[in-house]
Amino acid sequence: MASRLDRIAQQRRQKLDRIRRRGIEPYPYGYHRSHTTEQALALLETQEERSQEGATVSLAGRIMANRPMGKISFLDLRDGSGKIQLCLYKNRLSEESLELFQDLDIGDIIGVSGKLFRTKSGEPTLEVESLTLLAKSLQPLPEKWHGLADVDKRYRQRYLDLIANAETKETFQVRSRIIAAIRDFLNQRGFLEVETPVLQPSAGGALARPFTTHHHALDQDFYLRIAPELHLKRLLIGGFDRVYELGRIFRNEGVSTKHNPEFTMLESYEAYVDYNDVMSMVEEMVSEVCQQVLGSDKVEFGGEIINLKPPWQRLELRQAIKKYAGIDFEKYPDADSLRAEMLKLKMEVDPQKDRGRLIDELISTFVEPNLMQPTFLADYPVEMSPLAKTKPDNDRLVERFEAFAGGMEIANAFTELNDPVEQRERFVRQQKERQVKDEAEETIDQDFLLALEYGMPPAGGLGVGIDRLVMLLTGQQSIREVILFPQLKEKP
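Chemist: I keep staring at the overall build of the protein chain and nothing clicks. Help me out?
Modeler: Scanning the protein chain from N- to C-terminus turns up 14 helices and 19 strands. Along the three orthogonal principal directions, the C-alpha set of the protein chain runs to about 85 × 55 × 50 Å. A buried classification covers 50% of the 492 residues belonging to the protein chain. Considering only residue pairs separated by 6 or more positions, the protein chain has 64% of its internal contacts joining residues 24 or more positions apart. For the protein chain, the exposed surface amounts to about 24,200 Å²; the carbon and sulfur share of it is 48%.

Printed below as a string of structure tokens:
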């Protein structure tokens, strides 16, 4: 027995057949509209201010509601800029337009022309004089189109989410403005936007498990990049002093409210600066972007007001872990001793994890959730950061910071290691440590090491998770709310 939705879809196909039999093309090639709905509303206000007669305008959009009232029908028309009410007097329409109107459904895309006016209740309205079908919708919109609530359906059929939920559309419009504002900030500082390979012969630049693929013409395996870092540093070596890239990154790891297998990353590199300079740039950039896009340097996230105005709080990583976890990692110089101490806290500790990953687990478990206000955690153990320079007064720590806000990491930065001999030693040591213990080993990029031998200037490097930054600025608690098409497990 056919379901109710199947019956509705069948009825729509019957209407489509009737429309075609009357010689009307239900999917024409184009339509000239004179205004968007937003522009039409502004025009109506101008006409009213100047006491002008309503001009004839042409609009196009999707029918979102139909309220028949005898010989009059009121429709809601929505396009990419907003919504406007349509008024159809059935006795004023041509016979052809009236027949067409009777075969229209909510969800159909139409073109209309007529004059703008305001109803007695003050509603901006267009009186329809002519009507054109632009696309017949064969599937009904969700019954609660004004607020599609099925989360799984919203993510799997994002187009329905965008049609049904104005808030979703606004989130992605804000996302676009955030990215544009970041570009403006960096471009004004003299950074050059570049593009580096997504397919790479070595999975380098971060500690993460890569996706692999095979290039048939070259008969060679490649990795989808886990970071653009090593190629961007090649550009510093080549003579570009300030470079950045905004692009997709791929990591074959877990999925959560803060993680998606593919995500958008900003990475920037600037010659002749260190991580202190990058800290200042990050807090300035985030604050300015927030001001430019949202008109304020304060946002609400998780029920708390986050103040992004510089200066942000600065904490040493060692002190932060001591404060929130009660462990001084300097007292535990190897993985086994640190693991034993973590077990005392009733933590489930992976016996395969090395000391650096254990410290990272302490950060994510105890420290990160407490960092609601913008905070820089600085000075990390060297085994956590093979691409960063050690501190001049302590070779067990490196000049690295991570930026947190809203209880999540949003940025990561180093004073970049530019000693080719030390960099090679660290890569080799790290590969030996991870060869058996962890699939997420970082393969050694020999060409990068060769490039370093030609000389890379001292530099500060930065990585910003764009999706998490958008989460923070839009108040979203899940990364899937800010990625148009998040990765989902296929339904059985």
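Chemist: What exactly am I supposed to notice about the packing of aromatic side chains here?
Modeler: Here the distance between the centres and the angle between the planes together describe a pair of aromatic rings. The final tally for this structure, using the stated rule, is two aromatic pairs. Look at Trp312 and Phe376: their rings are 5.2 Å apart centre to centre, the planes differ by 25°, and that puts the pair in the stacked class. Of the two residues, Trp312 sits in the loop between strand 13 (304-307) and strand 14 (313-316) while Phe376 sits in strand 15 (residues 375-381), which places them 64 residues apart along the sequence. Residues Trp312 and Phe376 agree in their burial class; the two are buried.

Chemist: What is the right way to look at the pattern of salt bridges in this model?
Modeler: Close approach of charged atoms allows side chains of opposite charge to pair. Here the structure, examined in full by the defined rule, presents 39 salt bridges. Between Asp161 and Arg154 there is a salt bridge, and its shortest N-O distance comes to 3.0 Å.

Chemist: In this structure, what is going on with the sheet that holds strand 1 (residues 56-69)? I would like to understand it.
Modeler: What holds strands together in a sheet is hydrogen bonding between their backbones, with the strands either parallel or antiparallel. One closed barrel holds the five strands; their spatial order is 1-2-3-5-4, and the pairing between them is mixed. For this sheet, the mean angle separating the axes of adjacent strands, direction not counted, is 55°. Across eight bridges, strand 2 (residues 72-79) lies against strand 3 (residues 82-89) in antiparallel orientation. Bridge assignment links Leu75 to a residue of strand 3, and that residue is Leu86.

Chemist: Help me understand empty space enclosed by the protein in this model?
Modeler: To locate leftover empty space, one rolls a probe as large as a water molecule over the atoms. Evaluation of the coordinates by the stated rule reveals two cavities of 30 Å³ or more. In terms of lining, the largest cavity is formed by Phe191, Ser268, Tyr269, Glu270, Val273, Val278, Met281, Gly460, Gly461 and Leu462. Elements supplying a minimum of two residues to the lining of the largest cavity: strand 11 (262-271), helix 8 (275-294) and strand 19 (459-465). When its residues are assigned to classes, the lining of the largest cavity shows six nonpolar, three polar and one charged.

Chemist: Where do I start with the environment of Arg429 in this structure?
Modeler: Within the secondary structure layout, Arg429 lies in helix 12 (residues 420-434). On the basis of relative accessible area, Arg429 is assigned to the partly exposed category, the value being 44%.

Chemist: Sorry, what's going on with the pairing of strand 5 (residues 124-135) here?
Modeler: Put simply, side chains in a regular strand alternate between the two faces of the sheet. Pairing of strand 3 with strand 5, which is carried by three bridges, proceeds in the parallel orientation. Across the sheet, residue Gln85 finds its bridge partner in strand 5, namely Thr125. Of the pairings in the sheet, the one linking strand 4 (residues 109-118) to strand 5 comprises ten bridges and is antiparallel in character. When the bridges of strand 5 are listed, Gly111 appears paired with Thr132. Counted along the chain from strand 4 to the antiparallel partner strand 5, the turn is five residues long, and its residue Gly122 has a positive phi close to 90°.

Chemist: Explain the packing of helix 6 (residues 166-188) against helix 8 to me, please; I cannot follow it from the model alone.
Modeler: At a minimum axis distance of 9 Å, the contact between helix 6 and helix 8 shows a crossing angle of 130°. With respect to their mutual orientation, helix 6 and helix 8 come out oblique. In this structure, helix 6 crosses over helix 8, and the sense of that crossing is right-handed. Contacts from Val174, Arg177, Ile178, Ala181, Ile182, Asp184, Phe185 and Leu186 in helix 6 reach Met281, Glu284, Met285, Glu288, Val289, Gln292, Val293 and Leu294 in helix 8. For the contact of helix 6 with helix 8, a count of residues per class yields eleven nonpolar, one polar and four charged.

Chemist: Would you mind going over helix 6 with me for this structure?
Modeler: Residue pairs three or four apart in sequence face the same way in an α-helix, which turns once every 3.6 residues. The terminal C-alpha atoms of helix 6 lie 33 Å apart, and with 23 residues this matches the ideal 33 Å at 1.5 Å per residue to within 8%. Within the span of helix 6, buried status applies to Thr168, Thr171, Phe172, Val174, Arg175, Ile178, Ile179, Ala181, Ile182, Phe185 and Leu186. Phi turns positive, to about 90°, at Gly190, one or two residues after helix 6.

Chemist: Got a minute to help me understand the sheet that holds strand 9 (residues 220-224) in this structure?
Modeler: Taken in spatial order, the three strands line up as 7-9-8 in an open sheet, and their pairing is antiparallel. Each of the sheet's edge strands pairs with one partner strand only, and the pair in question is strand 7 (199-200) and strand 8 (212-215).

Chemist: Is there a simple way to think about the nonpolar core in this case?
Modeler: Nonpolar side chains in soluble globular proteins generally cluster together in the buried interior. One finds Ile178, Ile182, Leu266, Leu308, Phe401, Leu462 and Leu472 to be the most contacted residues of the largest nonpolar core, which totals 48 residues. A total of ten residues in this core trace back to one element, the largest contributor, which is helix 8. Setting aside its immediate chain neighbours within four residues, Ile182 contacts Leu266, Met285, Val289, Ile466 and Leu469. Ala271, Ile363, Leu371 and Leu397 belong to the second largest nonpolar core, which has 42 residues in total.

Rules behind the numbers
Residues numbered from 1 in each chain as written. Predicted model: local features only at pLDDT ≥ 70, side-chain atom pairs only at ≥ 80, totals over all residues. Heavy atoms only, no water. Helix = DSSP H or I, 4+ residues; strand = E, 2+ residues; numbered from the N terminus. Buried < 20%, exposed > 50% of the residue type's maximum accessible area, 1.4 Å probe, protein only. Contact = heavy atoms within 4.5 Å. Areas by Shrake-Rupley, 256 points an atom, 1.4 Å probe, with all protein chains shown as cover. Phe/Tyr/Trp six-rings, centres within 6.5 Å; stacked < 30°, edge-to-face > 60°. Salt bridge = Lys/Arg side-chain N within 4 Å of Asp/Glu carboxyl O. Pairing = 2+ DSSP bridges. Axes fitted to C-alpha atoms, helices over the stretch in contact; angles between N-to-C directions. 1 Å grid on protein atoms, 1.4 Å probe; cavity = no way out; pocket = protein on both sides within 12 Å on 5 of 7 lines; lining within 4 Å. Points joined across faces, edges and corners; volume = space filled by probe spheres on them. Nonpolar A, V, L, I, M, F, W, Y, C, P; charged D, E, K, R; others polar. Parallel < 35°, antiparallel > 145°, perpendicular 65-115°, else oblique. Left-handed = near helix turned anticlockwise from the far one by under 90°. Expected span 1.5 Å × (residues − 1). Core = buried A, V, L, I, M, F, W, Y, C linked by side-chain atoms within 4.5 Å.

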